[in-house]
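Structure assessment
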Amino acid sequence: VWIGFLTFTNAKERTSEIGILRAIGISSTNILVVFLLKAFMVGFAGALLARVGVMLAGATSEELSGTELAAVIALAPVISCAAAWLPALMASQQDPALVLREE
């Protein structure tokens, strides 16, 4: 949910930039990919930081196995992209004429 909110806020702040990019011919798919890649990187970084936190906490009997860690590192970016999908889609579908007229 937090990733979705951050993506929505980022898209609102960058409305004029998105409008300019769309006006010069950048496709909505490319803009969508940029937002989703950013969400993917945030999810991946979060998973890696969680792994470092587990390592710093010390070895316990409840420590995640290698398979579970791989699943967490693989699923965190996917979940992050899923949370960012709707705000990124809304940002990429903006009409450049309307956006630039408001500026």
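Everything below is about the structure printed above this text.
Our subject in this report is the structure included herewith. All values reported here derive from a predicted model rather than from experimental measurement.

By the secondary structure assignment, Gln94 is in the loop between α4 (66–92) and α5 (96–102). Gln94 sits in the buried class, given a relative accessible area of 19%. With sequence-adjacent residues up to four places away left out, Gln94 is seen in contact with Thr15, Ile18, Arg22 and Val99.

With that settled, the discussion passes to the pattern of salt bridges. Counted by the stated rule, this structure contains 1 salt bridge. Notably, a salt bridge pairs Arg14 with Glu17, separated by 3.4 Å at the nearest N-O pair. Its relative accessible area of 41% is what places Glu17 among the partly exposed residues.

Another aspect to go through is the packing of helix α1 (residues 2–13) against α4. Angle between the axes and distance between the axes: these two values describe a pair of packed helices. Put simply, α1 and α4 touch, their axes get as near as 8 Å, and they point 25° apart. If you check the angle between α1 and α4, you find them roughly parallel. The handedness of the crossing between α1 and α4 comes out as right-handed. Residues Ile3, Gly4, Thr7, Phe8 and Ala11 of α1 pack against Ser80, Ala83, Ala84, Pro87, Ala88, Met90 and Ala91 of α4. Counted by class, the contact of α1 with α4 contains 9 nonpolar, 3 polar and no charged residues.

Calculation criteria
- Residues numbered from 1 in each chain as written.
- Predicted model: local features only at pLDDT ≥ 70, side-chain atom pairs only at ≥ 80, totals over all residues.
- Heavy atoms only, no water.
- Helix = DSSP H or I, 4+ residues; strand = E, 2+ residues; numbered from the N terminus.
- Buried < 20%, exposed > 50% of the residue type's maximum accessible area, 1.4 Å probe, protein only.
- Contact = heavy atoms within 4.5 Å.
- Salt bridge = Lys/Arg side-chain N within 4 Å of Asp/Glu carboxyl O.
- Axes fitted to C-alpha atoms, helices over the stretch in contact; angles between N-to-C directions.
- Parallel < 35°, antiparallel > 145°, perpendicular 65-115°, else oblique.
- Left-handed = near helix turned anticlockwise from the far one by under 90°.
- Nonpolar A, V, L, I, M, F, W, Y, C, P; charged D, E, K, R; others polar.

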